[in-house]
Amino acid sequence: MPFPLITDNIAEAILERQVPTVTRWNRLEGRPRTDAFDRALGAEVRDALWLLTRQWQMGEFHGDDAASPILAKVHLATSQLARYRAGAHEPEPFDPGIPLETRVEARAIESFPLDLRLLMGRQWLKLMRDIGDFSGEFLAAYPIEAVDPADAAVCAHPEAWSAHAAVAQRRVDGARLYAHLGTGGHAWDGIAALDPHRAAVDERATRFRAWFARLIHQPGAGDAWVPDRLEYQFACSAPEAERERVLLAEEYYHGHLDWYAVDVGADASSLGGPPQTAEPATDTQVLLPAPVAFDGMPNTRWWAFEDGRTNFGEVRPDTTDLAKLLLMEFALVYANDWMLIPYTLTAGSVASIRGIAVTDVFGERTWIEAAGSGDDADWQRWAMFLNSVEGEAHRPADTTLHGLPVAVGGLEGPAQEEVLLIRDEVANMVWGVERTIHSQPGSPSPGPRPRARPGRSSNGRSSAGSATRRSRPPWPTARTSAIAP
Amino acid sequence: MRTWRIASGEFFDGLEDADFPVDTWLYGVARVREKLHAYEQVTMLAGALGRAEPELTAIQLPHRPGDRWLALQFPDGTPLDSDRLLYSAHFAQPFDKTSRRQCGLLLDEWTEVIPASDTTTGIAFHYDRPSTEAPQAMLLVTPADFTGGWRWEDLVDALHDTLDLAKRRAVEPAQIDATPYAPLLPATVMAVTARQLTISANLALNSELQTIMAPP
């Protein structure tokens with residue numbers, strides 16, 4: 001649009017004084033404020049004074065009545081887990097060499113699957129090889145039996161049947177030999193050809209049994225599985241000065257064992273029998289505390305580059321997400337006030353801090369109390385990562401660290417058995433639907449599938465709700481006990 | 001130079017399962033790895049049906065003298081300072097390094113972590129540290145008069161001055177409005193005439209003043 005007030009011929013207008021001209025002044029005023037913060041948060045760099053100005057605005061020159069900690073003196077008491085008890089069985093000594101999950105989740109072999117029978121037989125024949133080739137004799141004495149047509153568990157599944165039939169009478173059943181040895185028998189029983197080698201065969205039998213005990217860990221006194229609750233129950237204890245510190249796992253079913261699986265037993269002063277007591281080992285160290293650092297931690301300095309891979313600012317908590325809000329507040333507000341002292345513990349130890357004194361740069365010493373200490377039953381006491389003390393009674397809260405000797409990232413096979421438990425409230429029944437069953441060759445096989453949906457996978461990802469859509473579940477059971485792999 | 005070696009002999013020193021360690025290892029992992037379970041079944045069936053059972057050869061890379069095979073137990077004090085590749089293979093034909101073409105089947109691969117007997121824990125405590133930071137600019141101060149030495153007050157004053165300047169750097173027009181300087185500051189002033197009879201910079205163009213002032 002052309003400017004309407006423009007004068008086309010300036011010279012003429014001035015000469016003839018056509019219009020009065022009044023000079024006025026426009027002033028350009030910069031307004032640094034805007035509704036959008038994007039640019040301000042971009043922290044654009046200007047002159048050197050601007051850098052100082054922003055620091056002053058951010059409070060970086062504001063004097064605090066505080067000092068940086070430089071030394072921390074820590075006094076710790078540690079004791080080792082010494083006893084273990086599975087369920088309500090007798091306590092046994094604790095072996096820190098075996099991962100605790102193995103120990104807790106181990107169950108005795110009720111019936112040997114085919115694959116175990118085969119590998120035991122193979123191992124035995126290989127052990128015997130340097131004495132001589134007696135495979136024919138052992139095959140005659142301990143063969144894999146031919147399939148019994150009445151054995152539905154094998155004959156109902158073509159894979160199981162064919163695996164059995166292929167090795168029946170062709171391979172040695174090591175489990176039968178193992179059972180024979182376990183009842184006090186000798187491997188040379190009934191094999192006349194071995195008579196000259198009896199001592200050597202017995203020595204190999206001992207090795208064979210020791211080998212199998214190490215290959216498959218089986219519980220000693222009893223296992224921790226509680227069938228009617230589908231959970232494991234165990235306890236372990238560490239000696240203390242006057243009593244035992246008892247750690248109880250009342251309901252462990254997660255598959256990954258960590259400190260939160262156990263509670264501190266309040267009343268028990270012993271795992272059973274007279275309490276084992278020992279003065280805990282103490283250790284006093286003076287260490288340099290280092291600031292806690294983590295990915296995405298905001299740098300307290302305004303003029304600093306931060307690693308943008310983790311962005312806590314992008315966490316969008318809902319109004320009920322208290323844990324998320326806590327995490328953000330910790331990470332964004334208080335993170336730079338947390339200090340860390342590294343401390344190496346042996347696996348299987350229970351450590352409690354008797355005291356920490358922190359010295360700051362002005363030589364002032366501060367005694368540090370554990371967060372969450374106080375009365376365990378006090379409902380206003382709050383801490384994020386703390387052991388629960390069993391029961392509701394008023395007791396001092398437990399602030400020890402339990403370093404359970406667990407395996408991190410162990411290998412896990414596919415589920416051997418999978419049962420859906422479905423509650424039918426109208427019929428007042430509980431249905432057990434076997435989705436995967438343990439089959440004889442040792443590998444899982446899918447359970448019966450509904451004909452109406454042949455393409456359905458049996459990997460168990462479908463929910464219980466979808467299974468109830470069937471007009472009739474295959475069979476009703478009031479209670480189904482699942483068997484752990 | 002040999003950079004790898006077939007695991008045998010001293011590789012298995014100190015094992016409780018000194019008999020057939022590679023078999024023991026296979027029996028263990030075949031319980032949890034489906035593909036190795038199939039391989040184990042192949043071994044068993046081969047023997048059952050009168051064929052030669054495939055035997056596995058264990059190789060550990062990179063080779064270090066005195067190393068132990070990490071797939072089973074190893075003596076206390078074995079340094080676990082780096083990753084190892086445990087390569088277990090059945091060689092249908094002996095490995096021939098002069099042949100340029102090798103072929104084989106990769107059945108399975110996975111990563112295992114060896115649990116350590118020591119764990120590093122941390123004791124964290126909250127301590128209110130001062131949140132002041134070092135200034136982001138370097139300040140070059142020169143003495144006001146050349147007496148050959150510094151006076152402490154000069155330095156302190158220079159710092160105070162700089163901080164004052166830094167604060168003034170952030171002054172906004174709204175803060176000047178209430179002061180007697182308001183008519184003069186900021187001095188970014190431009191002449192303007194209504195009829196464009198002289199050189200002018202009419203900022204009001206941005207607000208489309210002409211549409212208001214235009215004669216109907």
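Residues numbered from 1 in each chain as written. Chains lettered and ligands numbered in written order. Predicted model: local features only at pLDDT ≥ 70, side-chain atom pairs only at ≥ 80, totals over all residues. Heavy atoms only, no water.

### A look at a nonpolar patch on the surface
Here comes step 1: On the surface, Ile-70, Leu-71, Val-286, Leu-288, Val-361 and Phe-362 of chain A cluster together into a nonpolar patch covering about 600 Å² of accessible area.
Here comes step 2: One can find Leu-288 of chain A in the loop between β9 (281–287) and β10 (290–291). (Patch = residues over 30% accessible without salt bridge, like charges linked within 9 Å, V, L, I, M, F, W, Y side chains within 5 Å. Areas by Shrake-Rupley, 256 points an atom, 1.4 Å probe, with all protein chains shown as cover. Salt bridge = Lys/Arg side-chain N within 4 Å of Asp/Glu carboxyl O. Helix = DSSP H or I, 4+ residues; strand = E, 2+ residues; numbered from the N terminus.)

### What to know about the confidence of the model for chain B
Residue and element names in this part refer to chain B.
Here comes step 1: Per-residue pLDDT for chain B averages 83, and the proportion of residues at 70 or more is 92%.
Here comes step 2: Here helix α5 (residues 209–213) stands out as the least confident element of chain B, with mean pLDDT 72; helix α3 (residues 152–168) is the most confident, with 92.
Here comes step 3: Per-residue pLDDT stays below 50 along residues 1–7; that stretch engages in 19 contacts with residues further than four places along the chain or on separate chains.
Here comes step 4: For this predicted complex, the interface confidence comes out at an ipTM of 0.74, alongside a pTM of 0.73. (pLDDT = per-residue confidence, 0-100. Contact = heavy atoms within 4.5 Å.)

### Focus on helix α1 (residues 21–30) of chain B
Here comes step 1: Extensive coverage of α1 of chain B is indicated by the burial of nine of its ten residues.
Here comes step 2: All of the buried residues in α1 of chain B are Pro-21, Val-22, Asp-23, Thr-24, Trp-25, Leu-26, Tyr-27, Val-29 and Ala-30 of chain B.
Here comes step 3: Packed against the buried residues of α1 of chain B are α5 (114–128) and α10 (198–215) of chain A together with α2 (34–48), β1 (57–61) and β2 (85–89) of chain B. (Buried < 20%, exposed > 50% of the residue type's maximum accessible area, 1.4 Å probe, protein only.)

### Details of the interface of chain A and chain B
Here comes step 1: Across the contact, 98 residues belong to chain A and 87 residues belong to chain B.
Here comes step 2: At the boundary of chain A with chain B, total buried surface from both sides reaches about 8,300 Å², with 60% on carbon and sulfur atoms.
Here comes step 3: Across the salt bridge formed by Glu-133 of chain B and Arg-301 of chain A, the nearest N and O atoms sit 3.4 Å from each other.
Here comes step 4: Where chain A packs against chain B, one counts 40 residue pairs in polar contact (both at pLDDT 80 or more).
Here comes step 5: In terms of residue class, the side of chain A that touches chain B is made up of 57 nonpolar, 21 polar and 20 charged. (Buried area = accessible area lost by both parts, 1.4 Å probe. Polar contact = N/O pair within 3.5 Å; in protein donor to acceptor, adjacent residues only side chain to side chain. Nonpolar A, V, L, I, M, F, W, Y, C, P; charged D, E, K, R; others polar.)

### Notes on the side chain of Asp-223 of chain A
Residue and element names in this part refer to chain A.
Here comes step 1: Relative to the helices and strands, Asp-223 is located in the loop between α10 and β5 (225–226).
Here comes step 2: Owing to a relative accessible area of 19%, Asp-223 belongs among the buried residues under this scheme.
Here comes step 3: Among the polar contacts made by the side chain of Asp-223, one reaches the main-chain amide nitrogen of Trp-225 at a distance of 3.4 Å.
Here comes step 4: Other than its neighbours up to four places away in sequence, Asp-223 contacts Ala-86, His-89, Ala-106, Arg-107 and Ala-108.

### Quick word on the packing of aromatic side chains
How two aromatic rings sit relative to each other is set out by the distance from centre to centre and by the angle between their planes.
Here comes step 1: Within the structure shown, the criterion is met by 24 aromatic pairs over all chains.
Here comes step 2: Each ring, one from Trp-211 of chain A and one from Tyr-27 of chain B, has its centre 6.0 Å from the other, and the planes form 75°; the classification is edge-to-face. Residue Trp-211 of chain A is found in helix α10, and its partner Tyr-27 of chain B is found in helix α1; the two belong to separate chains.
Here comes step 3: Judged by relative accessible area, Trp-211 of chain A falls into the buried class, the value being 3%.
Here comes step 4: On the basis of relative accessible area, Tyr-27 of chain B is assigned to the buried category, the value being 1%.
Here comes step 5: Residues Phe-330 of chain A and Trp-338 of chain A carry aromatic rings whose centres are separated by 5.9 Å and whose planes lie at 55° to one another, so their mutual orientation is tilted.
Here comes step 6: Classification of Trp-338 of chain A as partly exposed rests on a relative accessible area of 23%.
Here comes step 7: Members of the aromatic cluster, each reached through a chain of ring pairs, are Phe-112, Trp-124, Phe-138, Tyr-142, Tyr-178, Phe-208, Trp-211 and Phe-212 of chain A together with Tyr-27 of chain B.
Here comes step 8: A cation over a ring is seen here: Lys-126 of chain A above Phe-20 of chain B, with NZ or CZ 5.0 Å from the ring centre.
Here comes step 9: The lysine or arginine in question, Arg-209 of chain A, covers the ring of Tyr-178 of chain A, its NZ or CZ lying 6.0 Å from the ring centre. (Phe/Tyr/Trp six-rings, centres within 6.5 Å; stacked < 30°, edge-to-face > 60°. Lys NZ or Arg CZ within 6 Å of the ring centre and 35° of its normal.)

### Examining the nonpolar core
All names here are of chain A.
Here comes step 1: With 35 residues, the main nonpolar core has Met-120, Trp-124, Phe-138 and Phe-208 as its most contacted residues.
Here comes step 2: Considering every element that reaches this core, the biggest residue donor is α5, with eight residues.
Here comes step 3: Discounting residues that sit within four places of it in the chain, Phe-208 has contacts with Met-120, Gln-123, Trp-124, Leu-127, Gly-174, Leu-177, Tyr-178 and Leu-181.
Here comes step 4: Ranked by size, the runner-up nonpolar core spans 24 residues in total, among them Phe-234, Cys-236, Leu-257 and Val-350. (Core = buried A, V, L, I, M, F, W, Y, C linked by side-chain atoms within 4.5 Å.)

### Here we look at the sheet that holds β10 of chain A
Here comes step 1: Read from one edge to the other, the open sheet built from three strands follows the order β10(A)-β11(A)-β3(B), with strand pairing classed as antiparallel. Both outer strands of the open sheet, β10 of chain A together with β3 (118–126) of chain B, are each paired with one neighbouring strand and no more.
Here comes step 2: In this sheet, strand β11 (residues 338–346) of chain A lies alongside β10 of chain A in antiparallel orientation, the contact comprising two bridges. Looking across to β11 of chain A, one finds that Ala-290 of chain A is bridged to Leu-340 of chain A. (Pairing = 2+ DSSP bridges.)

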